[in-house]
Amino acid sequence: MSGPDISVVICVYTEDRWEDILAAVASVRAQSRQALETLLVVDHNQALLHRLTREFKETSGVRVLANAGPRGLSAGRNTGIAAAHGDVIAFLDDDAVAERDWLRHFASAYADPRVMAVGGRTVPIWASGRRPVWFPEEFDWVVGCTYRGLPPGLVRVRNVLGGNASFRRSAFDAAGGFATGIGRDGDKRPLGCEETELCIRLTRALPEAILLIDDRAVIHHRVPSGRERFGYFRTRAYAEGLSKALVARSVGAAKGLESERRYTTRVLPGGVARGLRDALLARPGGAGRAGAIVAGVCAAAGGYVVGSVRARRSGTTFSVAPVGGAADLIVGGGRRD
């Protein structure tokens, strides 16, 4: 095959997702463009580590590793980066399955040597069988999916979305790894934005770097019933605000909130208008969607304010330390919530 060798990293943390993990691995092994290897990185769960090791002991091209860093998604990804052999490293969520041409579309974009990262489109699989009528597409990022407002096609972006993304290995050599302390830690408060912070750091280290999203590189992401509820929606939006405050402290508010300003001033007002129009036309959920957008913005803004105050009071700092063969960005001097 022409193009770069691609290693796929899947970070896992709980046996509750056992069938999802097996499905994710199977989808990688069924790719039209074969992966060089699949790395399962287990986040401080010995029972799951042993079970997966037994499951894939005789499976060629699949390796099971323990997270070598602190608990959390970012350190798990950094462990995978350090262990991977591919020229490109792709990341797939443990509760998602990739369509057959996922890696083929990633690989084709790297024909341009300036391309340092390529993301794809993530489609929700709702546990209830359909989208809740009140849930606005503009907030699909709440459940880890591609949201209304991202441009279609093959487009240049500030950052890719971490559950469906790939990076050249040289990107990590230039910018370091994912920031620990920003992203998720199992089922605790649903923080995020670690890929945003990394991508901004990358383009600062390599100003000529191109970051893309190709919406043909599709994965399907499971949304459990608990995440279909408004309580989770509000909590996740608040946590996003907390995370954005950490990103802004790391890379500056101008760059850290660049895309968010356009999203807030252009995309979300359009969503509110559509919701109110649907309500006037007696279409189901219109008023609920408009209200959810307003509530989501308020929750995220509140999280950002609280996160900014906490960061200033605690003197949170960021430093780069080597981990394995990759670099790990460590948050120090403050709380990690």
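Residues numbered from 1 in each chain as written. Predicted model: local features only at pLDDT ≥ 70, side-chain atom pairs only at ≥ 80, totals over all residues. Heavy atoms only, no water.

Participant: Tell me about the overall build of the protein, residues and numbers included.
Facilitator: Within the protein, the secondary structure is distributed over 10 helices and 12 strands. The burial tally for the protein puts 53% of its 337 residues in the buried class. Contacts in the protein between residues at least 24 apart in sequence constitute 77% of all its contacts with a sequence separation of at least 6. Taken as a whole, the protein presents about 14,400 Å² of accessible surface, with 54% of it coming from carbon and sulfur. (Helix = DSSP H or I, 4+ residues; strand = E, 2+ residues; numbered from the N terminus. Buried < 20%, exposed > 50% of the residue type's maximum accessible area, 1.4 Å probe, protein only. Contact = heavy atoms within 4.5 Å. Areas by Shrake-Rupley, 256 points an atom, 1.4 Å probe, with all protein chains shown as cover.)

Participant: Got a sec to walk through the nonpolar core? Specific residues and values, please.
Facilitator: Within the largest apolar cluster, 35 residues are counted, with the highest numbers of intra-cluster contacts made by Val8, Ile10, Leu40, Leu52, Leu92 and Trp102. For Leu92, the residues in contact, after removing those within four places along its chain, are Val8, Val9, Ile10, Cys11, Ala24, Ser27, Val28, Trp102, Gly163 and Ile219. The next biggest cluster of nonpolar side chains, apart from the first, holds 28 residues, and it includes Cys11, Val155, Leu198 and Cys199. (Core = buried A, V, L, I, M, F, W, Y, C linked by side-chain atoms within 4.5 Å.)

Participant: Please provide a residue-by-residue account of helix α6 (residues 194-205), values included.
Facilitator: In this model, α6 (12 residues) spans 17 Å end to end at C-alpha, consistent with the 16 Å of a helix rising 1.5 Å per residue. Where burial is concerned, most of α6 is hidden: 9 out of the 12 residues are buried. Among the residues making up α6, those that are buried are Glu194, Glu195, Thr196, Glu197, Leu198, Cys199, Ile200, Arg201 and Leu202. (Expected span 1.5 Å × (residues − 1).)

Participant: With reference to specific residues and values, describe the pairing of strand β6 (residues 115-126).
Facilitator: Within β6, 9 of the 12 residues are buried, leaving the element largely enclosed by the surrounding structure. With 10 bridges joining them, β6 and strand β10 (residues 210-223) adopt parallel strand pairing. From the neighbouring strand, Val118 faces β10, where its bridge partner is Leu212. With 3 bridges connecting them, β6 and strand β8 (residues 164-168) associate as antiparallel partners. The residue of β8 that forms the bridge with Gly119 is Ala165. (Pairing = 2+ DSSP bridges.)

Participant: Help me get a handle on the pattern of salt bridges, residues and values and all.
Facilitator: All told, the structure shown has 19 salt bridges when counted by the stated rule. When the shortest N-O distance is used, the salt bridge between Asp20 and Arg222 registers 2.9 Å. Here Asp20 is found in helix α1 (residues 18-29), whereas its partner Arg222 is found in strand β10, with 202 residues between them in sequence. Judged by its relative accessible area of 40%, Arg222 falls in the partly exposed class. Connected through salt bridges with shared partners, the residues Glu137, Glu138, Arg148 and Arg274 form a single ionic network. (Salt bridge = Lys/Arg side-chain N within 4 Å of Asp/Glu carboxyl O.)

Participant: I'd like a rundown of unusual backbone geometry, residues and numbers included.
Facilitator: Here His44, not a glycine, exhibits a phi torsion of approximately 55°, which is positive. Topologically, His44 is positioned in the loop between β2 (37-42) and α2 (46-55).

Participant: I'd like to hear about the pairing of β10, residue by residue, with values.
Facilitator: The element β10 is largely enclosed, with a buried count of 10 among its 14 residues. In this structure, strand β5 (residues 96-98) lies alongside β10, joined through 3 bridges in antiparallel fashion. Of the residues in β10, the one forming a bridge with Ala98 is Ile219. Here strand β7 (residues 154-156) runs beside β10; their pairing, made up of 3 bridges, is antiparallel. Note on β10: the bridge partner recorded for Arg156 is Leu212.

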